[in-house]
Amino acid sequence: MTTPLAEVLEGQHAADLRKAGRALLKHPLLLAHGRYADEFRLVRRHAPELREWFDRNTGWSLQTDAETARLRKIPGVLTDPTHPAREASRGTAPFTRRRYVLLCLALAALERGEAQIALGRLADQIVLDAADPRLAATGIEFALERRDERLDLAAVVRLLLELGVLRRVAGEEEAYVSGAGDVLYDVERRVLAGLLASRRGPSTVQAETLDDRLAELVAETALDSDELRFRAMRRSLTRRLLDDPVLYYDDLTDAELGYLTRQRGFLTARITELTGLVAEVRAEGIAMVDPDDDLTDLRMPEQGTHGHVTLLLAEHLAGADGPVTLDELALRVRELAAQHGGFWSKSAREPGMEPELVEHAVTRLTALGLVSRTPDAVAARPALARYAVGETVIRGPGSDPVPPQRKATT
């Protein structure tokens, strides 16, 4: 029996819309040229529908033009430090506080600059701006004379290259770091102008503490009616379901939990409709799982030594009766090395490497919402139970079991 053309076209439209929505969630800044040009074209084609969906459900604005598509994402939790910027082309080293400050200074200098700039010139501008007494009072200084300082600036520039803010014209960052040369860039001003995602200019924020300043940056209009308060809760909960690996009920206020209890089916259905993510509902919370294992910036497990150690420690923590100290985890890694070291890299088997392996594993498990940590200890959170020996996770009626290694979606 032949499928009516209208149904075929409707199915293709839904598939393209889903692909465009997923592309924006994974890459909130898309360019007309380069690796994601096809996704950019899909987003532009479906921009009105995407704009309406994100505005209604998350409060995120979508802006598109002939060169860029920018989804201005605001996180559901403003103070979550577990997903720092990273250089995709240079491994997994996270951005430090120092690199973030350098990034802000570099963006300010580029905004004032010309259509082309040399790395040395950019460095000179940053040094001048960093001399501001208010910045020096925070304990951060930049002279960009030492190699480690130049490495930090090179990392910032490479991130801007990945985002499309800069295009390399000539030279290499390594030459600048070693003091043997310079680099010339084109500045993509449209991309630069769309990079900041906030509801107000940072210079207008009057609060003193970091938490209050972040809240002011993204504050919505006065929530002086039930309708506006419910809208704010719907948007905040949808952001967290989209961005966080797990939404735990005990992290919510009473009002948020009450709203989620009443509207859970509606919220998760709307997300599934656009993204294809599937709700895994437990007594402790909800995780939106990606059947395609693609819409994430962190995976569990990952390949290699670090991935193996992380999985083994996850299994150990899932079976623990309570919090486990970092020293106890280091001792456990030493025991695991005796059993599994033949599969690990040579450097990981060297004495004294245990704390580094533990830190890498705990950082990943924390970012995935699987554990909570204090300066000295780590405690399992409910979602870690999926990594207990022999456990099988069921997503819902009629669905296949999810193996213990199944990642939590971010």
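Our subject is the structure listed above.
Keep in mind it's a predicted model, so treat the numbers as computed, not measured. (Residues numbered from 1 in each chain as written. Predicted model: local features only at pLDDT ≥ 70, side-chain atom pairs only at ≥ 80, totals over all residues. Heavy atoms only, no water.)

Participant: Can you tell me about helix H14 (residues 326–340), naming the residues and giving the values?
Facilitator: Every α-helix winds through 3.6 residues per turn, so residues three or four apart in the chain are directed the same way. End to end, H14 covers 20 Å across 15 residues, agreeing with the expected 21 Å (1.5 Å per residue, within 8%). Taken together, the buried positions of H14 are occupied by Leu 326, Leu 329, Ala 330, Val 333 and Leu 336. Taken end-on, H14 shows its buried residues confined to a sector of 115 degrees, consistent with a single buried face. Opposite the buried face of H14, at more than 90 degrees from it, the exposed residues are Asp 327, Arg 334, Ala 338 and Gln 339. For H14, the secondary structure elements touched by its buried residues are helix H13 (304–318), strand E10 (324–325), helix H15 (354–367), strand E11 (371–373) and strand E12 (377–380). (Helix = DSSP H or I, 4+ residues; strand = E, 2+ residues; numbered from the N terminus. Expected span 1.5 Å × (residues − 1). Buried < 20%, exposed > 50% of the residue type's maximum accessible area, 1.4 Å probe, protein only. Arc of directions from axis to C-beta. Contact = heavy atoms within 4.5 Å.)

Participant: Any details on the layout of surface pockets? Residues and values, ideally.
Facilitator: Considered as a void within the structure, the second largest pocket measures approximately 240 Å³ in volume. What lines the second largest pocket is a set of 13 residues, and nearest its centre among them are Gly 76, Leu 78, Val 218, Ser 236 and Arg 239. When contributions to the lining of the second largest pocket are tallied by element, the ones reaching two or more residues are helix H10 (210–218) and helix H11 (226–243). Broken down by element, the residue count for the lining of the second largest pocket peaks at three residues, all from H11. (1 Å grid on protein atoms, 1.4 Å probe; cavity = no way out; pocket = protein on both sides within 12 Å on 5 of 7 lines; lining within 4 Å. Points joined across faces, edges and corners; volume = space filled by probe spheres on them.)

Participant: Go over the sheet that holds strand E4 (residues 116–118), please, and point to the residues and values.
Facilitator: In spatial order, the strands read E4-E6-E5; together these three strands make up an open sheet with antiparallel pairing. Across the chains shown, the open sheet's two edge strands, defined by having one partner strand only, are E4 and strand E5 (166–170). Neighbour-to-neighbour, the strand axes of the sheet open up by a mean angle of 35 degrees, direction not taken into account. Bridge count for E5 against strand E6 (residues 184–187) is four bridges, and the pairing is antiparallel. Looking at E6, one finds that Leu 166 is bridged to Val 187. Sitting on the sheet, helix H5 (residues 119–130) touches E4 and E6, and the angle it makes with E4 is about 80 degrees. (Pairing = 2+ DSSP bridges. Axes fitted to C-alpha atoms, helices over the stretch in contact; angles between N-to-C directions.)

Participant: Give me the pairing of strand E2 (residues 61–64): which residues, what numbers.
Facilitator: Pairing between E2 and strand E3 (residues 68–72): four bridges, direction antiparallel. Residue pairing for E3: Leu 62 is matched across the bridge by Leu 71. Linking E2 back to E3 in an antiparallel pair, the connection comprises three residues.

Participant: Report on empty space enclosed by the protein, specifying residues and quantitative values.
Facilitator: Evaluated as defined, the whole model comprises one cavity of 30 Å³ or more. In this structure, the largest cavity encloses a volume near 130 Å³. Of the residues forming the lining of the largest cavity, the biggest block, three residues, is contributed by strand E9 (residues 285–289). When the residues that make up the lining of the largest cavity are grouped by side-chain class, the tally is eight nonpolar, one polar and four charged. (Nonpolar A, V, L, I, M, F, W, Y, C, P; charged D, E, K, R; others polar.)

Participant: How would you explain the pairing of strand E8 (residues 278–281) if you had to name every residue and give the values?
Facilitator: Of the strand pairs in this sheet, E8 and E9 are connected by four bridges, and their pairing is antiparallel. Following the sheet pairing, Val 281 is matched in E9 by Ile 286. Between E8 and the antiparallel strand that follows it, E9, lie three residues.

Participant: Hey, could you go over the environment of Asp 152 for me, with residue numbers and the actual values?
Facilitator: When you line up the elements, Asp 152 lands in helix H7 (residues 147–163). Distance from Asp 152 to Asp 254, taken between C-alpha atoms, is 43 Å for residues 102 residues apart in sequence. The contact partners of Asp 152, leaving out residues within four places of it in the chain, are Arg 98, Arg 99 and Leu 102.

Participant: Can you explain the sheet that holds E2? Please cite residues and give values.
Facilitator: Read from one edge of the open sheet, three strands run E1-E3-E2, paired in antiparallel fashion. Bordering the open sheet on either side are strand E1 (29–31) and E2, each of which pairs with just one other strand. The mean angle between the axes of side-by-side strands here comes to 10 degrees, regardless of whether they run parallel or antiparallel. Judged from the three bridges that link them, E1 and E3 form a sheet pairing that is antiparallel.

Participant: I'd like a description of the packing of helix H1 (residues 5–26) against helix H2 (residues 37–45), backed by residues and values.
Facilitator: The N-to-C vectors of H1 and H2 enclose an angle of 115 degrees; their axes lie 9 Å apart at closest approach. What the angle tells us is that H1 and H2 run roughly perpendicular. In this structure, H1 crosses over H2, and the sense of that crossing is left-handed. Across the interface between the two elements, Asp 16, Lys 19, Ala 20, Ala 23 and Leu 24 of H1 pack against Glu 39, Leu 42, Val 43 and Arg 45 of H2. Classifying every residue of the contact of H1 with H2 by side-chain character gives five nonpolar, no polar and four charged. (Parallel < 35°, antiparallel > 145°, perpendicular 65-115°, else oblique. Left-handed = near helix turned anticlockwise from the far one by under 90°.)

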